[in-house]
Amino acid sequence: LALGTVFLFFGLGVRGRPLSEPVAAAALLAAAVLCLRTLRASDGLAAVCGVWRAPRLRWLVGGALVGGLLAAVWRFSDGKPALPPRLTAFAVVAALIGGAEEIVFRGFIQGRLQRLGPVAAIGVAACFHTLYKVALVVSPGPGEAFNVGMLALWTVAGGALFGAGRALSGSVWPCVAAHAVFDIVGYGDRLCAP
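**Side note on the overall build of the protein**
Looking only at helices and strands, one finds eight helices and zero strands in the protein. Since a compact globule built from 194 residues should have a radius of gyration of about 16 Å, the 16 Å found for the protein is in line with a globular shape. Based on the C-alpha atoms only, the size of the protein along its principal axes is roughly 45 × 40 × 30 Å. By residue count, 42% of the 194 residues in the protein fall in the buried class. Just so you have it, the protein exposes about 10300 Å², and 74% of that area is on carbon and sulfur atoms. The average position of the 16 basic charges and that of the 8 acidic charges among the side chains of the protein differ by 8 Å.

Below is the structure:
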């Protein structure tokens, strides 16, 4: 819960608001401390990464396919071609951001909340991920427009879907594959983050 709250403050701190750089830096430092504390526990790495319950390759490929399909549908519904016409260097950054988000929200947060039961763990992780995403865009920059309601709806739905994938597979890695491919397809033709 503390990690989710820290990422909410990080999201609020990255958009050039007053004191945004110190807030973002303090939030990342707090997140690092919380993550290291979790990893030092006897079950830390297993709680974060999970323990595979099914054939790994099928889950990884399935995650990547789900991520790519969701991104193609999202692009198409936004009036863009379903697949990016070209990939820029930002595609690599986008994949790393998506993968890192999954390790934090489905790995650390959902993984540590498993003792509350799978539905509660998935729900809390999806809600914190959504709050973080909304915090990132709460004050768009010049020329940017976001439908915050749709962003929240799709982020919580995607978080629930990815969370279910983590619960069913037993591992965070199919979620990492799904989110990385989603961000490559969704944002891979951009020059920088939206």
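**So, the packing of aromatic side chains**
With the rule as written, the count across this model stands at three aromatic pairs. Taken together, the aromatic side chains of W74, F182 and Y187 make up a single cluster linked through ring pairs.

**As for a nonpolar patch on the surface**
Together, L36, L39 and L45 make up a nonpolar patch on the protein surface, roughly 290 Å² of accessible area in all. Within the secondary structure, L36 sits in helix α2 (residues 20–40).

**Brief notes about the pattern of salt bridges**
Across all of its chains, the model carries four salt bridges by this definition. Between R75 and D189 there is a salt bridge, with its nearest N and O atoms 3.1 Å apart. Of this pair, R75 sits in helix α4 (residues 56–77) while D189 sits in the segment after α8 (173–187); the two residues are 114 residues apart in sequence, bridging distant segments of the chain. With respect to class, R75 is no different from D189; both count as buried. Residue E101 pairs with K133 through a salt bridge whose shortest N-O separation is 3.3 Å. Within this pair, whereas E101 is found in helix α5 (residues 90–112), its partner K133 is found in helix α6 (residues 118–137), the two being separated by 32 residues in sequence. Residues E101 and K133 agree in their burial class; the two are buried.

Procedures and definitions
Residues numbered from 1 in each chain as written. Predicted model: local features only at pLDDT ≥ 70, side-chain atom pairs only at ≥ 80, totals over all residues. Heavy atoms only, no water. Helix = DSSP H or I, 4+ residues; strand = E, 2+ residues; numbered from the N terminus. Rg over C-alpha atoms; globule rule 2.2 N^0.38 Å. Buried < 20%, exposed > 50% of the residue type's maximum accessible area, 1.4 Å probe, protein only. Areas by Shrake-Rupley, 256 points an atom, 1.4 Å probe, with all protein chains shown as cover. Lys, Arg positive; Asp, Glu negative; His and termini not counted. Charge placed at Lys NZ, Arg CZ, Asp CG, Glu CD. Phe/Tyr/Trp six-rings, centres within 6.5 Å; stacked < 30°, edge-to-face > 60°. Patch = residues over 30% accessible without salt bridge, like charges linked within 9 Å, V, L, I, M, F, W, Y side chains within 5 Å. Salt bridge = Lys/Arg side-chain N within 4 Å of Asp/Glu carboxyl O.

So, to be careful, I would describe these as geometric facts and stop short of saying anything about function.
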